[in-house]
Amino acid sequence: MPASDKPHSRYMPGLDGLRALALIGVMGYHWSFGFAGGGFLGVSLFFVLSGYLITDILASQWHHQRRIDLKDFWIRRFRRLLPAMLLMLFILVVWVTLFDRSRLATLRGEVLGAVTYISNWQFIFQQQSYFESFGPPSPLGHFWSLAVEEQFYLLWPLIMLAVLKLFPRRGQLFTFIAAGAAISALAMAVIYQPGDDPSRVYYGTDTRAFGLLIGAGLAVVWPSWKLSTPVSRATRRRLNVTGAAAMLIILSMMWQVDRYDSFLYQGGMFLFSLAAAVLVAVLAHPGASISRLLSWKPLLWVGVRSYGIYLWHYPVMILTSPASGAGDLSLPQVALQIASSVLLAALSWKYVEEPIRHGGLKKLWFKARSIRRRSTSISLRGWVVSISSLILIGVFCSGMMSSVSSARTVGDIAAMLNLDDPAPEEPDQTEGGEPGAMEPPQGQSPLPADTNGNVTPPPTDAKQPGVVKKPNSDEEADQLPLPDGATGSGNDDAGGNEEPDHPVGNDVDNKDEPTDAGNGSSDKADSGKTIPDQPNEDKADKPGEDKADDKPVQSKDSAGETTGGKSKPTKPTNKPQNPPVSKSAITAIGDSVMLGVSPYLEKSLPGIHIDAVIGRQMRQADDLIPVMKAQNRIDGGIIIIGLGTNGAFSKKDLDSLLGPLDSAKQILLINTRVPRDWEQNVNGMLAKAAAQNPKVTLVDWYSASKDHPEYFRSDGVHLEPEGAEAYTSMLLQAIKK
């Protein structure tokens, strides 16, 4: 059993057991275990523990010495946290450099964010979702909460020192801390928008500080050094009953809570933190019998090493799982991942963390100096270790330094951190001055244009989408008829307790890879130029290849430029405008799934206007309405909406999109099949909208694709050619109705 190395403090084994319980919840959530639907709340439990233990140390120093030794405090924190983290980052970069180089570009910036403890704000500025991201996730996505805690460790001692001088009385100090916690919880409730991705309030130091401050407030009114062992039987009973009730609340919320529940962000997480504080208070009391439940040796073993286990489990899970995520792993595979994480953490704790905590670096330095003084030959083992270390360091440097060495400006640093460039360049313009109009690639002929100057891309073969066929009037005559004489859009482009060593969790923020089909184009009717925005060669080979992303990257859109997933009208030109679009035009709005099947839709529905963007969310789609109205695509037209792949949305988001489309002849809502837990939420919302609006037809892709794994690529979302054909056929049948 570890002993406290701090004066005026004692080891509280129940808190290590509680730390292990929180870790199990977080890991269970990451591996999608059924008992841990709200396991991410283990992070809040860790925050309360950290706030209590850190403030207990500082308050004890102030009480007994009338001072806070900032240097000693920070050295202890860095000595406890940095060695394990740096070792994990070193091995991670070496692994990725050797075996998964496609991740290096983004990993470099994330490593810099991790070592500077700004990962949470980095993810916020990147709009990287904790809940809704999918595709290749970051192996460092769990560092957001470590960043929150390290920011607390850096700032809180300074704040405590100042506040203790201003408010020396305990009641005044508690009032100050309680006010800060209330402000933080209020900020979470105000910033949170029901139905939107809650990652901003989940990541933010400002909106998560209440958990740390609740623990800090508990340390002020319930300091561990003042708690005595001898208590009456009635007091012990009250402690045990109170602790059992708090534990029941915590376990039930970690089991059943829904991450999209508005209550969670509008007071629920605050109440959970209060329950956690009550349980911490009981477990910290030496007279509480309930602490024995959490002092089971296996729990203590896990709790003591919980920081290292948390550091390792997420990159191990990410780097050894298929593209579709850990949810598709078998139980033996998950068990192997967990065992590997625990083994790596145990080795790190034994050979790196504990030796350094007890002066191992100083001993190593003296040993190295003594070897230099003696002319002793190095053993074979020493040579092997030295050469291996040099090789690994070289691999690490080759993985990291190619970008770091070239950073010279603020823009370079922002790019390395994957943040927005503070001074983005203006898009290139053509001779005519219209942004987005491109000449055909060198060596290629322009695509044929219709009488209006619009591109008419050659159809692709449905069975061999990589083969572009020449137009064939006989073949086109065999296509299914358009409803009620629809003529198309005239625009045929496809557009020890004293040191909180706990882990803190994140799901996977995962980002998907953009494709190369361009970043949007101006209206071809405006430019009068042919624009080759037919899917590029790679996409033509795999029309469903595009992957969903949390940040929109690419659009198959001829209505206007797209920036960050939001379309805006192109700049007006002096060139003649096209005639008004037919009122029976068909317009499709979608994300990467729609983008992948666009060649099939264009072939089967000549003239269809497709606006599909990788990573598009429902809340972003209503930005397209002004352009659609300006081009007369809504009145009497057919609108196809295929959104929901990238995350849940609110009823308000859906209503704001459907409301302006009321004058359309028909609205098709395509539900989704995505191996993520927002699937049911999305499909339920779409079904309700279809039931309430007579103009809305639900296209049930979820049911149509059931028991058809051959439809999907490895991510379980994007489509193989056979799936793209089935998707298109289903849409055609829905339009004919």
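In this text, all values refer to a predicted model and were calculated from it rather than measured experimentally. (Residues numbered from 1 in each chain as written. Predicted model: local features only at pLDDT ≥ 70, side-chain atom pairs only at ≥ 80, totals over all residues. Heavy atoms only, no water.)

Asker: Can you help me understand a nonpolar patch on the surface in this one?
Answerer: Together, Phe78, Leu154, Leu155, Ile159, Leu166, Phe167 and Phe176 make up a nonpolar patch on the protein surface, roughly 610 Å² of accessible area in all. The dominant element in the nonpolar patch, judged by the number of residues it contributes, is helix α6 (residues 143–166), at four residues. Tracing the backbone through its elements, the reader meets leucine 154 in helix α6. (Patch = residues over 30% accessible without salt bridge, like charges linked within 9 Å, V, L, I, M, F, W, Y side chains within 5 Å. Areas by Shrake-Rupley, 256 points an atom, 1.4 Å probe, with all protein chains shown as cover. Salt bridge = Lys/Arg side-chain N within 4 Å of Asp/Glu carboxyl O. Helix = DSSP H or I, 4+ residues; strand = E, 2+ residues; numbered from the N terminus.)

Asker: I'm lost on the sheet that holds strand β5 (residues 638–642) in this one. Help?
Answerer: In sheet architecture, strand pairing relies on hydrogen bonds along the backbone and comes in two forms, parallel and antiparallel. The strand order across the open sheet formed by five strands is β4-β3-β5-β6-β7, and the pairing between neighbours is parallel. Lying at the two open borders of the sheet, with one neighbouring strand each, are β4 (609–612) and β7 (696–699). Neighbour to neighbour, the strand axes of the sheet diverge by 15° on average, direction disregarded. Of the pairings in the sheet, the one linking strand β6 (residues 666–670) to β7 comprises four bridges and is parallel in character. Across the sheet, leucine 668 pairs through a bridge with threonine 697, a residue of β7. Packed onto the sheet, helix α25 (residues 679–692) meets β6 and β7 and runs at close to 145° relative to β7. (Pairing = 2+ DSSP bridges. Axes fitted to C-alpha atoms, helices over the stretch in contact; angles between N-to-C directions. Contact = heavy atoms within 4.5 Å.)

Asker: Please clarify how the packing of helix α5 (residues 119–126) against α6 should be interpreted in this entry.
Answerer: Angle between the axes and distance between the axes are the two parameters that describe a pair of packed helices. The contact between α5 and α6 brings their axes to 6 Å, and the two run at 125°. Taken together, the axes of α5 and α6 are oblique relative to one another. Here Ser119, Asn120, Trp121 and Phe123 of α5 lie close against α6, whose contacting residues are Phe143, Trp144, Ala147, Val148 and Gln151. Class assignment for the residues of the contact of α5 with α6 results in six nonpolar, three polar and no charged. (Parallel < 35°, antiparallel > 145°, perpendicular 65-115°, else oblique. Nonpolar A, V, L, I, M, F, W, Y, C, P; charged D, E, K, R; others polar.)

Asker: What's the story with the pattern of salt bridges in this structure? I'm lost.
Answerer: As a working rule, side chains carrying opposite charge can pair if their charged atoms are close by. What the rule picks out here adds up to nine salt bridges. Here arginine 200 makes a salt bridge to aspartate 206, at a shortest N to O gap of 2.9 Å. When its relative accessible area of 29% is taken as the criterion, arginine 200 is described as partly exposed. Close ionic contact of arginine 713 with glutamate 720 constitutes a salt bridge, the shortest N to O distance being 3.2 Å. Classification of arginine 713 as buried rests on a relative accessible area of 13%. (Buried < 20%, exposed > 50% of the residue type's maximum accessible area, 1.4 Å probe, protein only.)

Asker: Explanation requested: the nonpolar core in the structure shown.
Answerer: As a rule of thumb, soluble globular proteins bury nonpolar side chains together. Core analysis: the biggest nonpolar cluster contains 169 residues, and Met594, Ile640 and Tyr727 have the highest contact counts within it. Of all the elements, helix α11 (residues 262–284) adds the most residues to this core, at 13 residues. Those residues in contact with tyrosine 727, other than ones at most four positions away along the chain, are Val593, Met594, Val597, Ile670, Trp701 and Leu719. (Core = buried A, V, L, I, M, F, W, Y, C linked by side-chain atoms within 4.5 Å.)

Asker: How should the packing of aromatic side chains be read in this particular structure?
Answerer: In this description, an aromatic ring pair is defined by two values, namely the gap between the centres and the angle between the planes. Across all of its chains, the model carries 21 aromatic pairs by this definition. For the pair tyrosine 29 and tyrosine 130, a centre-to-centre distance of 6.3 Å together with 5° between the ring planes defines the contact as stacked. Note that tyrosine 29 is positioned in helix α1 (residues 13–30) and tyrosine 130 in the loop between α5 and α6, a separation of 101 residues in sequence. Arranged with centres 4.9 Å apart and planes meeting at 50°, the rings of tryptophan 144 and tyrosine 202 form a pair that is tilted. Residue tryptophan 144 is located in helix α6, and its partner tyrosine 202 is located in helix α8 (residues 199–203); the two are separated by 58 residues in the primary sequence. For the pair shown, tryptophan 144 and tyrosine 202 are each scored as buried. An aromatic cluster of three or more residues is present, and its members are Tyr29, Phe40, Phe47, Phe123, Tyr130, Trp144, Tyr202 and Tyr203. It is arginine 208 that lies over the ring of tyrosine 202; its NZ or CZ is 4.6 Å from the centre. Lying across the ring of tryptophan 349, arginine 305 places its NZ or CZ 3.9 Å from the centre. (Phe/Tyr/Trp six-rings, centres within 6.5 Å; stacked < 30°, edge-to-face > 60°. Lys NZ or Arg CZ within 6 Å of the ring centre and 35° of its normal.)

Asker: Can you help me understand unusual backbone geometry in this one?
Answerer: Trans peptide bonds make up most of the peptide bonds, and negative phi angles are found at most residues other than glycine. Its identity is not glycine, yet tyrosine 117 carries a phi of approximately 55°, on the positive side. Looking at the element boundaries, tyrosine 117 is found in the loop between α4 (104–115) and α5. Even without glycine at this site, glutamine 127 takes up a positive phi of about 55°. If you trace the backbone, glutamine 127 turns up in the loop between α5 and α6. Exposure remark for glutamine 127: the relative accessible area of 52% places this residue in the exposed category.

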